[in-house]
Every structure is written in C-alpha cells, then in structure tokens.
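Residues per chain, in single letters:
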Amino acid sequence: EVDPSTLTADDAYLQAFENPIIINSLSDTEGLHELKQRGLESLLIAPLIHHDEVIGLVEFGAPRSHVFDYAVVSQILVSSGHMAAAVKQVFDGENERIMAVIKQTCTAIHPSVEWRFQQMAREYIKQMENDELRHPDPVVFKDVTPLFGVSDIRNSSNTRNAAIQADLEHQLSLAAKVIIAAEKSHSQPVFDEMGYRIRQHQASLTEGLKSGDEARIYFFLKQVVETAFSELSSLSEDIRVKVDAYRDQLDPEVGVIYQERKNYDQSVRQINDHIGTYIDTQQELAQRMILHYFEKFKTDGVDHNIYVGDALLETGTCSPLALRNLYLWQLMTMCGVVWLMRDLKSKLPTPLDTAHLILLQSTPLNITFQPEEKHFSVDGTYNARYEIVKKRIDKARILETGERLTQPEQIAVVYTQERELKIYRELISYLQE
C-alpha cells in the first residue's frame with residue numbers, strides 16, 4: 001500500500017497515477033533500495049483504472065534489465081483492466097460485508113422488514129426530486145401476531161445488592177484495620193472519630209443495603225479515609241503494611257473492592273451472552289420457516305419479541321400452519337434455553353437461577369416504527385395493555401399460593417384465550433412424547 005501524500009513530485013509511484021512508469025535498470029536509478037535488495041533490476045508500475053478512476057497501482061518486477069518492452073507492456077496493460085475490475089469487486093464485497101455487520105449490530109432495522117424501509121426511502125427521494133414538502137411515511141404493519149418470551153435471572157436485584165454489600169463490608173473492615181493500628185500507636189481524637197464512623201457504616205450494612213448506602217460509604221472511604229493514607233503510612237511500618245493490604249484489594253479499573261459484584265456481573269454477562277447467542281442461532285432456522293420481525297433485549301436476562309403476519313411479507317401470506325410452526329419453534333427454543341442454563345449454572349462465578357416465560361396473544365395488533373427510539377411499538381389503547389402485561393407478567397404471583405408465576409428451570413406459558421391453551425397443550429404433549 002502506498003499513501004500518495006507521503007510521496008514527492010518526482011517519485012515514480014506518484015507519477016504512475018497518471019501514466020505507466022518503466023524503469024529498465026534499477027542499478028542506475030537513485031532510491032528504490034528495498035527493491036534492489038530483493039534482486040530486482042526491471043520495474044513496471046501501472047495504474048489500475050476502473051470507470052476512468054484510478055483505484056490503485058499494480059507493480060511488476062524482474063531480476064533482468066530491459067524486460068518490459070512494448071510487447072510485454074501492452075499485454076500487461078490489457079490485463080490491468082481485468083485486475084482493476086477484480087480489485088473493485090473485492091472492495092465492493094468488503095464494503096457490503098461491513099455494512100451488513102453494521103446493520104446487524106448497530107441498527108434496529110431487522111432484515112425481514114428492510115424492504116418496507118426501502119419503499120419509504122424511495123418515496124422520500126421522490127419528494128426531494130420533486131421539491132415537495134419532505135416527510136417520511138410512517139412504517140406501519142397492520143394485523144400482525146406477536147410472540148413474546150423472557151428468560152429472567154431470579155432474584156437479580158437481591159443478589160446484586162448482596163454482592164455490593166459484601167464488597168462494602170470487606171472494604172470497611174480493611175479500612176478499620178488501618179485506623180485501629182493508627183489508634184494504638186498514635187492516640188489522636190481524629191482516629192477515634194474515623195473509627196466511630198466506620199463502625200456506624202458497618203452497623204448500617206448489617207440491616208441490609210439501603211438506597212444511597214453504596215454512594216455514601218464509597219464517598220466516605222475515598223474522601224476521608226483514603227486521603228489520609230499517605231500520612232498514616234509514615235507513622236509506622238505496621239500501618240503502612242495495612243494500608244498496602246487495603247490498596248492491594250482495590251480493583252485497578254474502578255478503584256474499589258469489586259470482587260463479589262464482579263463475579264455477579266460476569267455471571268449475568270455469561271447468561272445473557274449464552275442465551276442471546278443460542279436464540280440468534282435458532283433464529284436462522286426460524287427465518288427459513290417464515291420471515292418475521294425479531295428483536296431481543298439484554299438486561300438481567302434476555303427478552304425477545306417476534307411479530308409475524310401478511311403485512312410483514314413483501315410477497316406471499318402467513319398461513320395458520322406457518323404461525324403454528326413458529327409457536328412450536330419458540331417453545332422448543334425456550335426448552336433449549338432451560339437446558340443451556342442448567343448446564344451453565346455450575347460454571348458461573350456466582351451461581352444464578354433463571355426462570356422462563358412465554359406470553360401468547362393470538363389476536364393481531366398493529367405496530368409502528370418509532371424513529372426516535374429506533375424500534376417498533378404497538379398501536380392503540382387496547383394493544384398497549386399487551387405491552388404493560390409483557391413488562392410485568394414475570395413478576396406475577398399465583399393467587400392461591402402466593403408463589404411466583406415463573407420458577408427456575410421451568411417455562412410458564414401465559415395465555416388469554418382457550419384456543420391458545422388448546423394449541424400449546426397439543427404442542428407440549430407432542431414434545432413430551
């Protein structure tokens with residue numbers, strides 16, 4: 001690769017952007033030492049031209065002088081046109097792959113609905129060409145059937161708080177050792193006061209982590225305790241050792257003790273990554289059954305939305321058989337997620353349980369793409385109820401027993417109509433058999 005901005009006006013490579021350059025004797029030419037060291041004596045540099053545009057240079061070298069005569073050069077120049085076309089094709093293919101990755105990882109326009117956005121873009125361009133008032137048409141899909149599933153980490157908030165509390169207690173205990181050592185060797189009121197405040201924070205944590213505790217305790221440790229460490233370390237060797245022990249336990253990236261919380265965060269990340277990758281792999285199979293819109297969200301677990309229907313298809317229709325096929329695919333995929341999480345649990349730094357749920361609504365609804373939020377949302381007051389239920393249903397409890405609806409290593413199937421119950425009983429019976 002040659003950067004033209006680094007070349008001087010008399011450089012052969014820069015001149016070759018305009019016309020082919022032939023050097024018949026490198027020995028008699030200044031510069032180009034690297035080529036001489038390779039044993040080359042003749043050199044041809046020609047531009048690669050595609051549609052009147054120079055897209056690069058091609059270089060030929062030979063160990064003998066005066067190799068590139070008229071006959072050889074004319075053949076090479078003819079073949080350079082084919083080379084330019086090949087190079088251009090490689091570049092275009094690379095750009096297409098790059099854009100495909102960007103679309104897949106960085107935007108919310110799912111490939112199944114890309115055709116509809118292309119329609120919208122064409123209409124928008126027509127408006128621009130006709131000097132009309134430009135406004136993109138809303139992207140709406142009517143009468144689509146939603147499927148929703150969630151794999152939720154059980155008691156994630158409590159587990160996270162317990163991890164934070166354990167790290168805080170550990171850091172406070174190390175700080176207390178420093179202050180106790182300072183009190184013993186150099187009795188000063190300020191050490192008593194700092195020790196008292198540490199004990200207060202420790203006592204408050206025994207009652208559980210409350211809102212604001214984390215920020216308040218870390219602020220105290222950073223602004224009061226740790227700012228005194230340099231001065232305290234100079235008082236005695238015993239204090240210096242305890243200060244070093246405190247500092248050694250701090251995570252270099254976040255500046256606090258981050259062991260239990262790190263284990264928890266890594267466990268959540270592994271769960272989300274395993275579920276997300278597994279569902280993405282299964283999605284490739286499902287899209288071959290029938291094209292449908294799919295999206296997933298990772299938080300403390302993984303949610304996924306599916307919309308399917310005639311409106312989402314550029315051609316063809318969504319038959320009842322295709323919809324039943326998708327119902328079965330979702331149920332089988334969720335079973336796979338349960339087995340995957342059962343195997344993964346023992347390998348996690350913090351063992352976490354996951355509970356799973358499928359929400360059915362066979363009544364079609366309308367969805368509209370929201371440009372500001374870069375995702376689809378349902379239309380209408382009635383359909384909004386579905387969105388509310390979707391966000392809260394995994395927290396529901398059974399009326400008679402008070403138990404959570406979702407349980408670890410199980411799949412809860414929530415339905416609203418008897419025909420949905422009938423379908424899933426048939427599918428479950430088939431899978432059990």
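Up top is the structure these notes are about.
Residues numbered from 1 in each chain as written. Predicted model: local features only at pLDDT ≥ 70, side-chain atom pairs only at ≥ 80, totals over all residues. Heavy atoms only, no water.

Each helix and strand counted, the protein has 13 helices and 10 strands in total. Here the C-alpha atoms of the protein give a radius of gyration of 34 Å, more than 25% beyond the 22 Å that 2.2 N^0.38 yields for 433 residues. Projected onto its principal axes, the C-alpha positions of the protein cover 90 × 75 × 55 Å. Here the contacts in the protein between residues at least 6 apart in sequence split such that 65% fall between residues at least 24 apart. Taking the average place of the 44 positive charges on the side chains of the protein and the average place of its 64 negative ones, the gap between the two points comes to 8 Å. (Helix = DSSP H or I, 4+ residues; strand = E, 2+ residues; numbered from the N terminus. Rg over C-alpha atoms; globule rule 2.2 N^0.38 Å. Contact = heavy atoms within 4.5 Å. Lys, Arg positive; Asp, Glu negative; His and termini not counted. Charge placed at Lys NZ, Arg CZ, Asp CG, Glu CD.)

What follows concerns the environment of Gly 39. On the secondary structure map, Gly 39 appears in the loop between α2 (33–37) and β2 (42–50). For Gly 39, a relative accessible area of 40% gives the class partly exposed. (Buried < 20%, exposed > 50% of the residue type's maximum accessible area, 1.4 Å probe, protein only.)

Quick look at the packing of helix α10 (residues 259–289) against helix α11 (residues 320–345) now. How two helices sit against one another is set out by the angle between their axes and by the gap between those axes. For the pair α10 and α11, interaxial distance at closest approach is 10 Å and the crossing angle is 155°. When the axes of α10 and α11 are compared, the pair comes out roughly antiparallel. Every pair of crossing elements has a handedness; the one defined by α10 and α11 is right-handed. Every residue of α11 that contacts α10 at Gln 270, Ile 271, His 274, Ile 275, Tyr 278, Ile 279, Gln 282, Gln 283, Ala 286 and Met 289 is listed here: Asn 325, Leu 326, Trp 329, Thr 333, Gly 336, Val 337, Leu 340, Met 341 and Leu 344. By residue class, the composition of the contact of α10 with α11 is 12 nonpolar, 7 polar and no charged. (Axes fitted to C-alpha atoms, helices over the stretch in contact; angles between N-to-C directions. Parallel < 35°, antiparallel > 145°, perpendicular 65-115°, else oblique. Left-handed = near helix turned anticlockwise from the far one by under 90°. Nonpolar A, V, L, I, M, F, W, Y, C, P; charged D, E, K, R; others polar.)

To continue, consider the nonpolar core. Counting 33 residues, the largest nonpolar core has Ile 271, Ile 275, Val 308, Leu 326, Leu 352 and Tyr 424 as the members making the most contacts within it. At 11 residues, the largest contribution of residues to this core is made by α11. Beyond its immediate sequence surroundings of up to four residues, Tyr 424 is in contact with Tyr 327, Gln 330, Leu 331, Ile 358, Leu 360 and Val 413. Grouped together as the second largest cluster of nonpolar side chains are 28 residues, Ala 175, Phe 191, Leu 221 and Leu 250 included. (Core = buried A, V, L, I, M, F, W, Y, C linked by side-chain atoms within 4.5 Å.)

Right, let's talk about the pattern of salt bridges for a bit. Note that side chains of opposite charge can pair when their charged atoms are close. Applying the stated criterion to the full structure yields 20 salt bridges. With a closest N to O distance of 2.6 Å, Arg 240 and Asp 244 form a salt bridge. Of this pair, Arg 240 and Asp 244 both sit in helix α9 (residues 237–249), 4 residues apart, which is roughly one turn of the helix. Residues participating in the shared-partner salt-bridge network are Lys 210, Asp 213 and Arg 216. (Salt bridge = Lys/Arg side-chain N within 4 Å of Asp/Glu carboxyl O.)

Another aspect to go through is helix α7 (residues 213–225). Those residues of α7 that sit buried are Asp 213, Ile 217, Tyr 218, Phe 220, Leu 221 and Val 225. The buried residues of α7 occupy an angular sector of 155° when the element is viewed end-on, so they sit on one face. Opposite the packed face of α7, turned more than 90 degrees from it, sit the exposed residues Ala 215 and Phe 219. (Arc of directions from axis to C-beta.)

Taking strand neighbours across the sheet as the criterion, the 3 strands line up as β1-β2-β3 in an open arrangement whose pairing is antiparallel. The sheet is open, and its two borders are formed by β1 (21–23) and β3 (53–62), each paired with just one other strand. The sheet shows a mean angle of 15° between the axes of neighbouring strands, taken without regard to direction. (Pairing = 2+ DSSP bridges.)

The terminal C-alpha atoms of helix α4 (residues 114–129) lie 23 Å apart, and with 16 residues this matches the ideal 22 Å at 1.5 Å per residue to within 8%. Turning to α4, its buried residues number three or more, namely Trp 115, Arg 116, Phe 117, Met 120 and Gln 127. Along its buried surface, α4 packs onto β4 (140–153), β8 (365–370) and β9 (375–378). One or two residues past the end of α4 sits Asp 131, with phi positive at roughly 55°. (Expected span 1.5 Å × (residues − 1).)

Here we take up unusual backbone geometry. Even without being glycine, Asp 143 reaches a positive phi, approximately 55°. Looking at the element boundaries, Asp 143 is found in strand β4. The backbone of Glu 409 shows a phi angle near 60°, a positive value even though the residue is not glycine. Checked against the element boundaries, Glu 409 lands in the loop between α12 (381–392) and β10 (411–414).

With respect to the element layout, Arg 154 can be found in the loop between β4 and α5 (156–185). One buried charged residue, Arg 154, forms no salt bridge at all, with the nearest opposite charge on Asp 152 at 5.2 Å. In this structure Arg 154 touches Thr 159, Asp 353, Thr 354, Ala 355, Arg 404, Thr 406, Gln 407 and Pro 408, once residues within four positions along its chain are discounted.

Nothing here speaks to function; it is geometry throughout.
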